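Coordinates in review
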Amino acid sequence: GVLFEVTAKRSILIQTFAVKHFGGNGFNFHVFTKSGSIGSSYSDASAWTKLGQASYGTLSSTLNNPVTLPSQNLSPVMLNAGETQSFYIACVGNYFRVHEESAGTVVENSDASIAAGLNKYPYDTLFHSSTQGLGSTKYMFQGKLIYSYGVEPPSASPSDIPSVVPSISTEPTFISKAPSDVPSLSVKPTGAPIDPTAQPTISTAPTVDPYKEATIQISIPSQLVLSGFQMPTSQVKINTVLTLLADTIKARASVKLNSNQRVKSVKILSINGVPFNGSSSRRLQDSALIEYEIILEEICSTSKCDDSQAVANALYQSVTQEMRASIDDGSLTTAIVQSAQASGADADALLSAAVESGDFGEVVTTIIGLLGDFYPDWSGGGYCLNDGNEPDYMKLNPSLWVYSTRSSCCTRYYSYAYNDCMGSDAVPSGKYYPDWDQNQESRCVSDGQEPDYMASNPTAWMYDSAEECCTRYYSWDLGACVTNSGGTAVESATRKWYVLDGEEKCVQDCEVNASEPTCGGLANPWDSLFASSSDCCSQKVSWVSLNVCDATSQGQTPTGSSKWYVDWDNMKCVMDCEGSSSCGGLAEPHYALHVNKAACCSTQLSWDTDCLGK
């Protein structure tokens, strides 16, 4: 395998690799990573984390070259600008292409650079002790690094700027214009201290989130057209503007909701048709079509949410009517401008903005239970959480970061620690997987201790039976694998026919045993199998007479065909048989056979007038 280093110039999410190869059979790719440079850890397996594995029975040297390792098999790696990550791509069982480079060679673009590193050879085991490239010659894999743009994590130091969205009141503020006619009468002069409460009040009941009950959730696909605003010149300002818009829309959509209803979130989806992911560097135009989604929730009136559609429709009507009214009367524009004024220079792009129009799509209704969406808790170390506290950059682009189930979140972000991520939700699959770690015998096990990358993707790695698992991973040692895995070789026998090496006969694919003399042992993966012994004989032992091969394969004594052929050594016609005076032995496959002696003499020895008497 090859070891190399990747350094990010901006935030990227490394998803997989495309690897060039020579074609052939038995490719088992393994990908490992570690933070920082390779250093002296090139043979220390404990210093590396396995991202995943991909296996191919056969690869063509012309088609599918380079082969892209399935991204669903590998855990992605996030790199921020300036960070270096080392990778080790190995292939057990076959070779892939690497080439020599001089020390210091770097392949790069505007997003990342790849530095040539070391080569492990031969490719028979992982972290082989033989290492090339420790001197001035380095090695680079031939292929591609496949990645997408990531989102820089929020700053660890919070901004001193207050919230960009002021509260919006539905009631006018009244300011008193005159002092009170009657002064208050107090037994204590102004400024005197107030007696503290003798006993503080302590609440013994925890705060309960009512939205953890059965809830109707609806989403409203929406859009609005903004005009007349000066476009931001930095990514920070773009993010501020869009966050401000989302929060202002959320506040306006919440105006007429009751205590059982709430706007869960407003998600900006795209600007002028370009998906917004929180890190877009494309400059917005002066007139922007903004597509967004309003997510609302309402607590069900019954435990089964029987009236969900009617409730969803009423909620949709209430919110969209309020939004249309605020667009038509200009109050949404006013709220946006006021929010921009309160936010300072980062939101000055909206100071002259105006909402020209808006539209709303059909409602999408979902009934949810006690759990919300799951997100990766990178800062807190809690794996995947559903507490609703995901960072804003995840809320702005939930399709990239957030998943509806813990399993899908753990698979996406923590496949290297899938069982730990699942915690109490982890359920042993009971399926068989290849026990590569013991490295002693061909074996599949179902002990529930499969590696995390297998547990996170059981369809790709695991099987319901030992036979299926052994066939997939140990086909060259199938019988032993099935036996080592707790099964019997009988389970893997097909009972079809194959030619026995070194002998002119065919045998059945089954364990050798005295009661079945036609069994020749389990066939090798490369053996051609046939439905009958005669098919096998005619295809694989064609130089032996079919009746001879067939009888021998069936454990019988060949008897010949009783037809006639010419014995050229003695210049006479003899019968295809053994034993009697008329028999000349069993005929070879190339002999011409005739139905009787007269036909043999007249056809092949016609000049011998005494042929019939011999």
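All of the points below concern the structure found in this document.

What counts and what doesn't
Residues numbered from 1 in each chain as written. Predicted model: local features only at pLDDT ≥ 70, side-chain atom pairs only at ≥ 80, totals over all residues. Heavy atoms only, no water. Helix = DSSP H or I, 4+ residues; strand = E, 2+ residues; numbered from the N terminus. Areas by Shrake-Rupley, 256 points an atom, 1.4 Å probe, with all protein chains shown as cover. Core = buried A, V, L, I, M, F, W, Y, C linked by side-chain atoms within 4.5 Å. Buried < 20%, exposed > 50% of the residue type's maximum accessible area, 1.4 Å probe, protein only. Pairing = 2+ DSSP bridges. Axes fitted to C-alpha atoms, helices over the stretch in contact; angles between N-to-C directions. Parallel < 35°, antiparallel > 145°, perpendicular 65-115°, else oblique. Left-handed = near helix turned anticlockwise from the far one by under 90°. Contact = heavy atoms within 4.5 Å. Nonpolar A, V, L, I, M, F, W, Y, C, P; charged D, E, K, R; others polar. Patch = residues over 30% accessible without salt bridge, like charges linked within 9 Å, V, L, I, M, F, W, Y side chains within 5 Å. Salt bridge = Lys/Arg side-chain N within 4 Å of Asp/Glu carboxyl O. 1 Å grid on protein atoms, 1.4 Å probe; cavity = no way out; pocket = protein on both sides within 12 Å on 5 of 7 lines; lining within 4 Å. Points joined across faces, edges and corners; volume = space filled by probe spheres on them. Disulfide = S-S within 2.5 Å. Phe/Tyr/Trp six-rings, centres within 6.5 Å; stacked < 30°, edge-to-face > 60°. Polar contact = N/O pair within 3.5 Å; in protein donor to acceptor, adjacent residues only side chain to side chain. Expected span 1.5 Å × (residues − 1). Arc of directions from axis to C-beta.

Of regular secondary structure, the protein possesses 14 helices and 27 strands. Of the roughly 32400 Å² of accessible surface on the protein, 50% is carried by carbon and sulfur atoms.

Among the nonpolar cores identified, the biggest contains 37 residues, and Tyr 292, Ile 294, Leu 296, Val 319 and Leu 350 are the most heavily contacted of them. For this core, the secondary-structure elements that each account for two or more residues are β14 (215-227), α1 (235-253), β15 (261-271), β17 (288-299), α2 (308-328), α3 (331-343) and β18 (354-360). When residues in this core are grouped by element, the largest group, eight residues, is from α1. Membership of the second largest hydrophobic core comes to 31 residues, among which are Val 6, Val 67, Leu 79 and Leu 145.

So, on to the pairing of strand β12 (residues 137-141). Of all five residues in β12, four are buried, a share of seventy percent or more. Where strand β8 (residues 98-102) lies against β12, five bridges are found, and the strand directions are antiparallel. In the strand pairing of β12, Glu 100 is matched with Tyr 139.

Let us look at the packing of α1 against α3. Where α1 contacts α3, the two axes come as close as 10 Å, and the packing angle between them is 135°. In this view, α1 runs oblique relative to α3, as classed from their interaxial angle. Viewed along their axes, α1 and α3 form a crossing whose handedness is right-handed. Residue-level contacts link Leu 244, Leu 245, Thr 248 and Arg 252 of α1 to Ser 331, Leu 332, Ala 335, Ile 336, Ser 339, Ala 340 and Ser 343 of α3. Taken together, the residues of the contact of α1 with α3 break down into six nonpolar, four polar and one charged.

With that out of the way, let us pick up a nonpolar patch on the surface. Where nonpolar side chains cluster on the molecular surface, the patch consists of Phe 22, Tyr 95 and Tyr 121 and spans about 320 Å² of accessible area. Mapped onto the elements of the fold, Tyr 95 is located in the loop between β7 (84-92) and β8. According to the relative accessible area criterion, Tyr 95 is partly exposed, its value standing at 41%.

Below, the discussion takes up the pairing of β17. Burial within β17 is extensive, with 10 of its 12 residues counted as buried. One ladder, built from nine bridges, connects β15 with β17; its direction is antiparallel. Along β17, the bridge assignment pairs Lys 267 with Glu 293.

Further remarks concern the layout of surface pockets. By volume, the second largest pocket is sized at about 1000 Å³. Every residue lining the second largest pocket is counted, 35 residues in all, and those nearest its centre are Asn 28, His 30, Val 92, Trp 436 and Tyr 474. Looking at the lining of the second largest pocket, the elements that each hand over two or more residues are β3 (24-35), β4 (49-59), β22 (433-434), α8 (452-455) and α10 (466-473). A total of five residues in the lining of the second largest pocket trace back to one element, the largest contributor, which is β3. Class assignment of the residues belonging to the lining of the second largest pocket gives a composition of 16 nonpolar, 13 polar and six charged.

Once that is clear, we can look at the state of the cysteines. This structure, assessed with the given rule, holds 10 disulfides. Here Cys 410 connects covalently by a disulfide to Cys 421, the sulfurs 1.9 Å from one another. Taking the sign of the S-S torsion, -75° for the link of Cys 410 and Cys 421, the bridge is left-handed. Of this pair, Cys 410 sits in helix α6 (residues 406-413) while Cys 421 sits in helix α7 (residues 418-422), and the two are 11 residues apart along the sequence. Across the pair, exposure class does not vary: Cys 410 and Cys 421 are buried alike.

Applying the stated criterion to the full structure yields 22 aromatic pairs. Ring geometry for Phe 32 and Tyr 88: centres 5.7 Å apart, planes at 25°, overall stacked. Separated by 56 residues along the polypeptide, Phe 32 in strand β3 and Tyr 88 in strand β7 bring together distant segments of the chain. Tyr 88 carries the same exposure label as Phe 32, and that label is buried. Seen in terms of ring centroids, Trp 378 and Tyr 413 are 5.6 Å apart; in terms of plane orientation they differ by 90°. Their pairing is edge-to-face. Note that Trp 378 is positioned in the loop between β20 (375-377) and β21 (383-385) and Tyr 413 in helix α6, a separation of 35 residues in sequence. These aromatic residues form a ring-pair network of at least three members: Phe 4, Phe 17, Phe 87 and Phe 141.

Before going further, it helps to examine the packing of helix α12 (residues 533-540) against helix α13 (residues 546-553). Where α12 contacts α13, the two axes come as close as 9 Å, and the packing angle between them is 130°. Taken as axis vectors, α12 and α13 run oblique relative to one another. In terms of crossing hand, the pair formed by α12 and α13 is right-handed. Across the interface between the two elements, Ser 533, Ser 534, Cys 537 and Ser 538 from α12 touch Leu 546, Cys 549, Asp 550 and Ser 553 from α13. Among the residues making up the contact of α12 with α13, the classes are represented as three nonpolar, four polar and one charged.

Most peptide bonds are trans, and most residues other than glycine sit at a negative phi. For Arg 495, which is not glycine, the phi dihedral falls at a positive 65°. With respect to the element layout, Arg 495 can be found in the loop between α11 (478-484) and β24 (497-499). The backbone of Ser 562 shows a phi angle near 65°, a positive value even though the residue is not glycine. One can find Ser 562 in the loop between α13 and β26 (564-567).

All chains considered together, the criterion is met by 10 salt bridges. One salt bridge connects Arg 252 with Glu 322, and the closest N-O pair in it is separated by 3.7 Å. Of this pair, Arg 252 sits in helix α1 while Glu 322 is found in helix α2, placing the two residues 70 residues apart along the sequence. The exposure class assigned to Arg 252 is buried, which follows from its relative accessible area of 13%. A relative accessible area of 11% means that Glu 322 is categorised as buried. Close ionic contact of Asp 464 with Lys 431 constitutes a salt bridge, the shortest N to O distance being 3.8 Å. Placement of Asp 464 in the loop between α9 (458-461) and α10 and of Lys 431 in the loop between α7 and β22 is noted, with a sequence separation of 33 residues between them. Residue classification places Asp 464 among the exposed positions, given a relative accessible area of 57%.

This part covers the side chain of Ser 545. Within the fold, Ser 545 resides in the loop between α12 and α13. On the basis of relative accessibility, which here comes to 8%, the residue Ser 545 falls in the buried class. Side-chain polar atoms of Ser 545 contact the backbone oxygen of Ala 587, separated by 2.6 Å. In this structure, Ser 545 is in contact with Ala 587, Glu 588 and Pro 589, ignoring residues within four places of it in sequence.

Taking 1.5 Å as the rise per residue, α2 with 21 residues should run 30 Å; its terminal C-alpha atoms sit 30 Å apart, in good agreement. Those residues of α2 that sit buried are Ser 308, Val 311, Ala 312, Leu 315, Tyr 316, Val 319, Thr 320, Glu 322, Met 323, Ser 326 and Ile 327. What you see down the axis of α2 is that its buried residues fit within an arc of 160°, all on one side. Away from its buried face, by an angle of more than 90 degrees, α2 presents the exposed residues Ala 310, Gln 321 and Asp 328. Positive backbone phi, approximately 85°, marks Gly 330, located one or two places after α2.

In short, geometric facts, not functional conclusions.
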